[in-house]
Amino acid sequence: MYWLIIICILPFSLHGKQLIYKKSVYSLPLTLDPIKMNDTASLLAGNLIYDGLVRFAPSLRIEPAIAESWIFLDDGKTITFKIRENAKFHNGASIKVADVVFSLKRNLSAESLTRNYFDCVLGWNESGFDDKMGGIKATSIDTVEIKLKYPNPNFLNILAGATAKIISKAEFEQRLDYFDKPIGSGPFSFHSLEKENRRIRLDASKAYYRKVEGSIDQLWLIESDEKTAISLAKNGKIDDLTNWPISGASDVFKTGQKISAPVNGTWIIGLNTKLPPFNNKSVRQTFKRDFDTSGFRAEFYPDSYSAVGYVPPGLPGSSERSKAEASENKVSKLKIEIAIPRELEKHDEMKQFIEKMLTAKGWNVQVTPLKWDELMSGYSNKRLQSFLVAMNMDYPDPEFLYKNFESNNKDNFSGLSDKEIDQLNVRLRAEPDRLKKIPILNLLRSKIEDQAVTVNLFHPRGNYWVSRCVKGFKPNIISDVYIDYAPISKTAKCKP
Amino acid sequence: MRQISIYDYINGSLSKAKWRLSSLLALLLTLALGFLTLRDTVTNERKLLTALAPHLSYLISVDDRTEILRILSTIDHSGSKNISVVRDGRIYAHSMHSELIDTPIIPKPIISIFGADFSRDTISVSYLLPLAGGSLLLELSPLTILVKLALIMAGIFLFSLGSLQFLTFRLGKQLGKVLSSVKVLENQVQKLHQEDHQDREIEFLELDQIRTNLIGMKSNLTLAKELLAIQKAKELNMEIYKRLIHDLQNPITAMNTLITLIAEEDTDPEMRKEASDALPKIADEILCQIIAAKKNFEYDSNSFKKIDIRSCIQETLLQLKSAHPLHYHKVQFSVPSTPMFISCDPSALKRAIINILENGLDFAREKLEIRLAQAKDSTSIFISDDGPGMDQSKFEEIIKGTTKSGKGDRAAIGLSSVSHILKNHNGHLKFKKSSLGGSEFQLLIGVV
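Scoring rules and cut-offs
Residues numbered from 1 in each chain as written. Chains lettered and ligands numbered in written order. Predicted model: local features only at pLDDT ≥ 70, side-chain atom pairs only at ≥ 80, totals over all residues. Heavy atoms only, no water. Axes fitted to C-alpha atoms, helices over the stretch in contact; angles between N-to-C directions. Helix = DSSP H or I, 4+ residues; strand = E, 2+ residues; numbered from the N terminus. Parallel < 35°, antiparallel > 145°, perpendicular 65-115°, else oblique. Left-handed = near helix turned anticlockwise from the far one by under 90°. Contact = heavy atoms within 4.5 Å. Core = buried A, V, L, I, M, F, W, Y, C linked by side-chain atoms within 4.5 Å. Buried < 20%, exposed > 50% of the residue type's maximum accessible area, 1.4 Å probe, protein only. Pairing = 2+ DSSP bridges. 1 Å grid on protein atoms, 1.4 Å probe; cavity = no way out; pocket = protein on both sides within 12 Å on 5 of 7 lines; lining within 4 Å. Points joined across faces, edges and corners; volume = space filled by probe spheres on them. Nonpolar A, V, L, I, M, F, W, Y, C, P; charged D, E, K, R; others polar. Domains from an automatic or database assignment.

Q: Help me understand the packing of helix α12 (residues 419-430) of chain A against helix α13 (residues 434-451) of chain A in this model?
A: Each pair of packed helices can be described by the angle between their axes along with the distance between the axes. Residues and elements named next belong to chain A. Packing of α12 against α13 leaves a shortest axis separation of 10 Å and a crossing angle of 155 degrees. When the interaxial angle is binned, α12 and α13 end up roughly antiparallel. Crossing geometry of α12 relative to α13 is assigned as left-handed. Contact with α12, carried on its side by Glu 420, Ile 421, Leu 424, Asn 425, Arg 427 and Leu 428, involves Lys 437, Ile 440, Leu 441, Leu 443, Leu 444, Lys 447, Ile 448 and Gln 451 of α13 and no other residues of that element.

Written out as C-alpha cells, the structure is:
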C-alpha cells in the first residue's frame, strides 16, 4: 500500500519540479521585434523564441526549419520554399504561407534595421519595397517563392540569420503589444519579462517541430554584470555564462565545464567619423596606430586571436595583412571619450589601461563605462565619439561585416560615407563567383583600413562556461546567439 | 582398409578436436575478412580525401573556413568519422567539433599499415594538400567504429558457431537415434530369428523393410542351403557308389576267378588250395570296402560349420586316447596360440584325422607328431611318424584304390576314405617322407 501511494504521487511530484536552465546575459533584449534587433542580447532571445525558414547547424550547414525543403530555379534567382506541414506557433496555430510572406516583407520594410540584407530581393529599393514586382509571394497553400534581382550565394545565410524570423500575421494584426508578449515558433516560447528581477522567462515549446532530447522545462535569461554572473555561477545559481567574453584563464573554470571554440566576431574601438576629432582621417589613422592592441589583448584576452584586420580569421580575405599606414602623425588635442560596456568585469582595469597608454602618446582620452543600453543608444544615434564593442555576425560571411561601412546602412556605426566602398559592397554582394570575390574583398579591406574607422583589438575565442549539470552543449562558430538550446539537457541532481 | 561402423565414424567426425579446428578456421576467416575490410576502408577514405583535396585546397587558400566546415559536416553527416583540415600544425576545420578548431594537432601514430596511422583510439588517413603553406588534410576514423564492427563480426561469428554447434548437436542426436536403429538392425541380422524391438527408440519404415527383406532372405538362404546339401549328399553318395563299384570290381573279379578255379575240375589241386586260401582274404577285402563305403554313406554333408581346428584336433585326440591308451603317449601336439577357424564337417574331418592317427599309432615307434598350418586359402594338418614309412610310388595307387599298402589292408582302405573326405572339403591328402624317418601326411582343407 505504501509503495502504491508513492507510485501514484511520484509523477505529480516530478511534474511539479521543473528543470530551469539559467543563462546569464549582460543585457535583457532591447527589443523582441526581429527586424529591429541590432544587439546580441536581443538576437539571442529572438533566436530562442522565433524560427526562420532555415537555420544554422553547429557546423554552419544550412538546415531546414519552418521550410522543410527549398529549390533554386532560374539560375539561382528564384527560390521556392515548401513550408513544413507540422510547423506551429506557440499558440498552437499552424504556420501558413501568409505568415511567412508577411514576416519576410517586414524585413524589407523601411522600419527594418536589416533591410539592406535583402537588397537583392526583386522589388527592393532605397525607399522601401515594391510588392507589385512579386519578389516575395505565396505560390500555393504551402509554398513561398522569393525572386532575386541577381543570384546571391549568401541569401540562405541571411534567411538563417537571427533577424529573418517568422511571426504570426494574425496575432500581430490583432495585438499592438505583440512584441511585448511575442508568439514565435522557436524552441522556447515567451513566458514573461520580469523587469524587477531583471530576467526573461521562456518555456520549452511543446509545439516545436524538431523532436530533440532536451530536458529543459524553462530557460531564464538573467541580466547582471560579469562579476555578479561569475559569482552566481561559482555558487551554482547560474548554468550558463556563454554570453560573457570570459578569458580562458578565468578562475570560474575551476568549476563547471570549459568549452572553447572560435567565434566569428571581432572586438573593436569604433571611431565616429561624424564627430571631431575622428572626422579627420589622419587623426583616425594616428589614433589607430598609437593604440597598443597587442598590449590590450595580452592584458585582458590573452587567448584571443590577434586582429590583423576587421574580418576575423577563417573568413575569405581575412588573412591579408593591412598595409594602411598613417599618412601623417596627427595627434588631436581634443578630448576623446571612449565608451566601454560597464558590465565587463574588468572595465575599470580597461579604462586605466587605455587612458594610460594613449595619454602617454599625447592623446587626451577619457574612458567612460556605460550601461549596455546607454552604450547601444549612443551607438545607434551616433552620439559617441568612440566606443568599445564586440561585433558579432548574423551570418558567416565578411560581406556582413563590410556592410557596416555602407553609407546607407542604418547600422553604419562609423558614419563613413565613401562611394568607392559603397560600390565595392554592392559588387561584392552581386558576385556569385567565390574566386572573383577575393580581389573585391581585398580591395574593400584595404579601403576600410585606409579609412581607419576601427581600432581592431582582437578576434575572440569563445571560452564558454556551463555547469557540470548541463549535457549536450555545442558551441556555434558564428556567435553564442546561434547556440542550439533545444537539445540541451540538465541533470536535476548533480554537483554544479 | 580400416573397418569402422557408421555410427562410430560419424561420432568420430564430430569430435571436439575437429570442432576446435573448425572454430579456429572460422575465427581466422573472420579475422582475414576484417583485415580486408580495414584495407578497403582505408583505401576508400584515401580516395575520398583525394577527391576533396583540390576544392579544399582552394577554400583554404581563400580562407573560407565556413564553406570547408559545411563540406566536412555534409560528408560526415552520419558522424561515423571525423575529418579535419590541418594548417600550420593546427586544426583549421573539423567536421564534428568546432572546439577543436585552432588547437594544435597532436601526432599520435603507433603503427602505419596501408598508409594509415593506427593509434590507441584512432585510425588516421592523411593527405598532403598541394598548397604553398603545406596544409595537411587528415581523416580520422574513430577506432571505436572498427571495434563496433569487430564486435558485430564477432557476434555474428559466435552466433553462427553457436547455432552450428546446436544444430550439429541436434543432428548428432538424431543421427544417433537413426544409427542406433541400424545397430539394432545389425544385431537382428546377426540373430535374425529373435524379434527385438525394445532397443529401438524409433521404428523407421526403410529399416523395417530392410529387416523384413533380410529375414526373408535368411529363410531363403537356409532353404537353399538345405537343398544344396541334399544335392551335394546325392552327388557324394553317387561318388561313393561309383568308388565302391570301382573298389569292388577287382576283388570280385579275383573272387570270381578263384571260385572258377575252385569249381573247375581240371584245376590243379595245389592251385585250387591256393585259391581256396585266397578266397577268404578277398572276401575280407570286399567286406572292408563295404564297411568303408557304409561309413561314407553315414557322412553327413549337411553339417558344415565354422570351427576352430585346434578344438577339433583336441577332441579327436581325446577319442584316440580312449581307444588306444597304450600307444597314446607317442602323440605330440603343440596347440597354436591363435584360433584357426575353418569351415568343415567336424565329424567327417575328425574321422579322417583319426584314420591317419590310428595308422600312425600302428606304425610309429616312439613319436607321432601333429602340426597345424594356415595359409591364405587353406588350412593344413601335418601328421608325421617315425615308423618304417611307405613307398611314395605306392601312395598314388593306394589313394586311387587300385592297390593295397604294403603295411596293412586297413591302412589303404583308410587313406582312400580320408582322401574322399578331404576332396569334399575342397582339399586333398598329400604324402611325403617324414623328417622323423617315417611317413608324413598332409591333410589340406580348402575354403568351403
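Alright, that's what it looks like, and here's the rest.
Q: Teacher, can you tell me more about the nonpolar core here?
A: As a rule of thumb, nonpolar side chains are buried together in soluble globular proteins. All names here are of chain A. By size, the foremost hydrophobic cluster in this structure holds 134 residues, and its most contacted members are Leu 53, Phe 155, Leu 159, Leu 241 and Phe 473. With 6 residues, the top contributor of residues to this core is helix α3 (residues 97-108). When neighbours within four sequence positions are excluded, Phe 473 is seen to be in contact with Tyr 21, Asp 240, Thr 242, Ile 259, Tyr 464, Val 466, Ile 483, Tyr 485 and Ile 488.

Q: Would you explain the pairing of strand β16 (residues 386-392) of chain A in this entry?
A: For a regular strand, side chains alternate in direction, first toward one face of the sheet and then toward the other. Residue and element names in this part refer to chain A. In terms of residue burial, β16 counts as a mostly covered element, since 5 of its 7 residues are buried. As defined by bridge partners, strand β12 (residues 265-271) adjoins β16 across 7 bridges and the pair is classed as antiparallel. Among the inter-strand pairings, Gly 265 is bridged to a residue of β16, identified as Asn 392. Relative to β16, strand β14 (residues 335-341) runs parallel, the two being bridged by 2 bridges. Its bridge partner lying in β16, Ala 339 is registered against Phe 387.

Q: What's the story with empty space enclosed by the protein in this structure? I'm lost.
A: Rolled over the atoms, a probe with the dimensions of a water molecule shows which regions are left empty. Residue and element names in this part refer to chain A. Tallied over the entire structure, the rule returns 6 cavities of 30 Å³ or more. Space inside the largest cavity adds up to approximately 460 Å³. Forming the walls of the largest cavity are 31 residues, and the residues nearest its centre are Asn 243, Trp 244, Pro 245, Trp 267 and Ala 390. Looking at the lining of the largest cavity, the elements that each hand over two or more residues are β12, β16 and β18 (461-466). With 5 residues, the single largest contributor to the lining of the largest cavity is β16. In terms of residue class, the lining of the largest cavity is made up of 17 nonpolar, 10 polar and 4 charged. The residues that make up the lining of the largest cavity include at least three from each of domain 2 (186-262 + 461-490) and domain 3 (265-459). If you add up the space inside the second largest cavity, you get close to 260 Å³. Asn 38, Asp 39, Thr 40, Met 391 and Asn 392 are the residues nearest the centre of the second largest cavity, which is lined by 21 residues in total.

So yeah, pure geometry; function would need other evidence.
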